[in-house]
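Analysis of the macromolecular model
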Amino acid sequence: MSLITRFRRTPALDAPAEAPPVEATPAAEVTETTGATGTAEATKTAEATEPAEVTEPAEVTEAADATEAAEATGAAESAEAAGPIAVAASTAEEPVAASAEQGDEPKKAEKSGITVRRRLRTTGGWLLTLACAALVLGALLSPNQMTSLGPAAFLRLPLEALLAVAVLRLFPRRPRIYLAGLFGVGLAVMLIIKIVDMGFYTTLSRPFDLVLDWPFFKDAYNFVQGNTGTVGAVAAIVGIVLLAVLVLAAMAGAMIRLSGFVVRHDKASVRTVAVLTVIWVLIAGTGLRANPGGPVAAVSTGRMAVDKVEQVAAGLADSREFAKLAANDAFRDVPPEQLLTGLRGKDVFFTFIESYGRTAVEGYDYTAAVTSALEAGNERLSAQGFAARSGWLTSPTAGGGSWLAHSTFQSGLWINNQERYRNLVSTEHTTLTGSFRRADWRTVGVMPALTYAWPEQDFYGFDQVYNSETIGYEGEHFTWVVVPDQFSYSTLQTRELGAARQAGPVMAEIDTLSSHTPWTRLPQMVDWDQVGDGSIFTPMAQAGESTRELWSNSDKVRAHYRQSIEYSIEALTSWISTYGDENTVLVFLGDHQPAPIITGENATRDVPITLVAKDPAVLDKITSWGWTDGLKPAPDAPVWPMDAFRDRFLTAFSD
């Protein structure tokens, strides 16, 4: 509306008093309407010309603020142009203006509420962006070992983040979103692998193998089931799967949001990346480290991804390499009459003591007690005329995977992963048990940990296997441990060596369990004639702490481990001293070192091995081995890889 028109609508100063005044529109109100319309039209035009881009809450607020500023500016300019005439009109209409101002108060309150909500959205948007950045940086900087996990690990600069920013800003919107999502999924996968690696380092002292280690998850399930029941184990699986899906989705969403942020602040992003890249190079040149996290100039996740790819390639190639090794079998064609002639007529027992490693007998605060148990066992055996020689073997595994050690010991091949194990048991490679069987020994396995069908029985050459179902134990289980060691020896004695003995000598492999993790409820020795069906052990299995209670204190865990080893040694030496004779030969050894919670980091994989016999001729056969007298090997006793034992043993006792 023009000023002239507005002036004409203003009542004349000399008009009659009774003439009703013509209602006028205040200048500010007219201007506000015009300004709002113009701003809205301008906003619509801008929206039509701008590319379709995801709008952050911050951007919405900025646009709204700009609109409000435009409205205020338009109003001011209109009022200024109106000049004195508008002022006069306004003065003449003070009652009307006051009424208009009162009508504007709800509008002002509404605008104030909108402003508050916009500010809240802006703050929430920034907080969400910061959370996404923290999630991505945390995944990049997270280590794959518990010992490296700490605040220092996250006070580093990841090169992968700088490279991601540099790459993503080069792409248009749609390809950038897809690429950012792909980056997020890949980073989530690496984070999951890091978490799995932590578990493997904690239990097996090595990282997870993407090709060869999947069967270990079944054993993990069995372990959880043994401690929490089937419902607890299934609930754990469901929770883990849901958590993995959540991590994948969250990481992909975080990367997409951050990529949009980088593009909207392109100039600042370029400058920031350039400065941080220079800083990264300078820090890398100094070799500065954030212990225990690693180098401050970090590239750990990228390097780990490369290592995993190389690991997959090596795992796939390992099968071909192993096939060549397995084809070389020095004792395959040896006639049965020439095998094990130095042990004819003798019962030979190979006993694996679970988690009986080098750290149990030397170098730790709990080794003095284990040494005392070995000395007591040595005295017990010596009183019955037995003598012993001891050395060291290096196991292919640590913390778990006992069957890998058993198969290495039996086959003379290095079995350090599940793929090799599967390939081995599908061959006809000579085993220690198979050699005894060919030489007319009755071959027996006492393996209470077996809770399922075991087709490997034929590969190894066992005539009889006593598993968790056939061993006949009627007592309560000791958490994951099925039966106490004493019951295993009693079963062998009563069902194979006593009145039930069949013609000919017996060769047996006894895989004990009492020293198996979690070392919670520990058995105690009873008189041999009281063992019976194992019911006597039930009160012992019901006593003691739960796994959660015990493992909350690492010192108590180590104490229980020590006690379990002491018990295993006592049960074994008591059995041999009670029932052994001049035709008894015992070889006992550890399958692997215990978990790092017992050994600490970077422990060796050495385990003690001992041969016990009453016949001096048997011990004379191994004089060249250089083993130490007694049940405890000297620190400087020979150390062999475990796969060397089969050939050395068969050579020593065969023609």
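Residues numbered from 1 in each chain as written. Predicted model: local features only at pLDDT ≥ 70, side-chain atom pairs only at ≥ 80, totals over all residues. Heavy atoms only, no water.

1. Details of the overall build of the protein
What counts, and what does not: Here a helix means four or more residues in a row that DSSP labels H or I, a strand means two or more in a row labelled E, and each is numbered from the N terminus. Accessibility throughout is a Shrake-Rupley quantity obtained with a 1.4 Å probe, and a residue counts as covered only by protein chains that appear here.
When its secondary structure is counted, the protein shows 21 helices and 13 strands. In the form shown here, the protein has an accessible surface area of approximately 31800 Å², with 60% of it arising from carbon and sulfur atoms.

2. Regarding the pairing of strand E5 (residues 347-353)
How we decide: Only protein chains enter the area calculation, which uses a 1.4 Å probe; residues under 20% of their type maximum are buried, those over 50% are exposed, and those in between are partly exposed. Two strands make a pair as long as DSSP finds a minimum of two bridges between them.
With 7 of 7 residues buried, E5 is to be regarded as a mostly interior element. The alternating pattern of E5 places Asp347, Phe349, Thr351 and Ile353 on one face and Val348, Phe350 and Phe352 on the opposite face, and all of these are buried. Strand direction decides the pairing type here: E5 and strand E10 (residues 584-590), joined by 7 bridges, are parallel. Bridging across to E10, phenylalanine 352 finds its partner in leucine 589. Across 5 bridges, the pairing between E5 and strand E9 (residues 506-511) is parallel. Note on E9: the bridge partner recorded for phenylalanine 352 is aspartate 511.

3. Considerations on the pairing of strand E11 (residues 606-613)
Among the 8 residues that make up E11, 8 are buried, leaving the element largely enclosed by the rest of the structure. Alternating positions in E11 separate into two faces, Asp606, Pro608, Thr610 and Val612 on one and Val607, Ile609, Leu611 and Ala613 on the other, with burial throughout. As paired strands, strand E6 (residues 387-394) and E11 are joined by 8 bridges and run antiparallel to one another. Residue alanine 387 lies in a different strand from E11, and its bridge partner there is alanine 613. Alignment of E10 against E11, held across 5 bridges, turns out to be antiparallel. Its bridge partner lying in E11, leucine 586 is registered against valine 612.

4. Some thoughts on helix H6 (residues 173-204)
Threshold: Expected helix span is given by 1.5 Å per residue-to-residue step, counting one fewer step than there are residues.
When the terminal C-alpha atoms of H6 are compared, their 45 Å separation across 32 residues agrees well with the 46 Å that a helix rising 1.5 Å per residue should span. Serine 205 occupies a position one or two residues after H6 and carries a positive phi of about 60 degrees.

5. So, the packing of aromatic side chains
This is how it is decided: Paired rings are identified among Phe, Tyr and Trp, the last through its six-membered ring, by centres lying within 6.5 Å, and are further divided according to the angle between planes into stacked (under 30 degrees), edge-to-face (over 60) and tilted (the rest).
Summed over all chains, the structure comprises 34 aromatic pairs. A ring pair is formed by phenylalanine 350 and phenylalanine 436, whose centres lie 6.0 Å apart and whose planes are at 70 degrees; its orientation type is edge-to-face. Note that phenylalanine 350 is positioned in strand E5 and phenylalanine 436 in helix H13 (residues 432-438), a separation of 86 residues in sequence. A residue is classified by how much of its surface remains accessible, and phenylalanine 350, at 2% relative accessible area, is buried. On the numbers, 6.5 Å between centres and 20 degrees between planes, the contact of tyrosine 356 with phenylalanine 588 is stacked.

6. Here we look at the nonpolar core
Stated formally: Residues enter a nonpolar core if they are buried and are Ala, Val, Leu, Ile, Met, Phe, Trp, Tyr or Cys, with the set joined through side-chain atoms within 4.5 Å. Note on contacts: a residue pair qualifies if any of its non-hydrogen atoms lie within 4.5 Å across the two residues.
Counting residues in hydrophobic clusters, the biggest one holds 52 residues, and the most contacted among them are Phe349, Tyr356, Leu492 and Trp575. It is helix H18 (residues 554-579) that contributes the most residues to this core, 9 residues altogether. Setting aside residues no more than four positions away along its own chain, leucine 492 makes contact with Phe349, Val444, Val446, Leu497, Ala508, Ile510 and Trp575. Grouped together as the second largest cluster of nonpolar side chains are 36 residues, Val348, Phe409, Val587 and Val607 included.

7. A word on the packing of H6 against helix H9 (residues 300-326)
So the rule is basically this: The angle between two axes is taken between their N-to-C directions and runs from 0 to 180 degrees, where each axis is a line fitted to C-alpha atoms and a helix contributes only its stretch in contact. By the definition adopted for this analysis, an angle is roughly parallel if under 35 degrees, roughly antiparallel if over 145, roughly perpendicular if from 65 to 115, and oblique otherwise. All residues other than Ala, Val, Leu, Ile, Met, Phe, Trp, Tyr, Cys, Pro, Asp, Glu, Lys and Arg, Gly among them, are scored as polar; the first ten of these are nonpolar and the last four charged.
Where H6 contacts H9, the two axes come as close as 11 Å, and the packing angle between them is 75 degrees. Judged on the interaxial angle alone, H9 and H6 are roughly perpendicular. Residues Leu187, Met190, Ile193, Lys194 and Asp197 of H6 pack against Thr301, Met304, Ala305 and Lys308 of H9. Class assignment of the residues belonging to the contact of H6 with H9 gives a composition of 5 nonpolar, 1 polar and 3 charged.

8. Topic: the environment of glycine 181
Of note, glycine 181 is situated in helix H6. Distance from glycine 181 to alanine 250, taken between C-alpha atoms, is 10.0 Å for residues 69 residues apart in sequence. Dropping the residues within four chain positions of it, glycine 181 is found in contact with Ala252 and Ile256.

9. What about unusual backbone geometry?
Apart from glycine, the bulk of residues carry a negative phi angle, and the bulk of peptide bonds sit in the trans form. Cis geometry marks the peptide bond from threonine 517 to proline 518, where omega comes out at 20 degrees. On the secondary structure map, proline 518 appears in the loop between E9 and helix H16 (538-542). At aspartate 440, a position not held by glycine, the phi torsion is positive, near 75 degrees. Relative to the elements of secondary structure, aspartate 440 occurs in the loop between H13 and strand E7 (442-446). Relative accessible area serves as the criterion here: at 63%, aspartate 440 is assigned to the exposed category. Here the phi dihedral of asparagine 602 falls at roughly 60 degrees; this positive angle occurs in a residue that is not glycine.

10. Structural notes on the layout of surface pockets
This is how the line gets drawn: Here a cavity denotes a set of grid points, spaced 1 Å apart and computed over the protein atoms alone, in which a 1.4 Å probe fits but from which it cannot get out, and a pocket denotes an open set meeting protein on both sides within 12 Å along at least five of seven lines; residues with an atom within 4 Å of a point are reported as lining. Grid points are joined across faces, edges and corners, and a volume is the space filled by probe spheres set on the points.
One number sums up the size of the second largest pocket: a volume of about 870 Å³. Residue lining of the second largest pocket: 35 residues in total, with Val136, Ala161, Leu162, Ala164 and Val165 positioned closest to the centre. Contributing elements (two or more residues each) for the lining of the second largest pocket: helix H4 (94-141), strand E1 (157-158), helix H5 (159-168), H6, helix H7 (216-264), helix H8 (266-286) and H9. The element contributing the most residues to the lining of the second largest pocket is H5, with 8 residues. Classifying every residue of the lining of the second largest pocket by side-chain character gives 26 nonpolar, 8 polar and 1 charged.

11. Topic: the confidence of the model for the protein
Put simply, the test is: What pLDDT reports is the predictor's confidence in each residue, on a scale of 0 through 100.
Scored by pLDDT, the protein comes out at a mean of 84, with 83% of its residues at no less than 70. Low pLDDT, under 50, characterises residues 1-98; the stretch is placed with 50 contacts to residues that sit more than four places away or in other chains.

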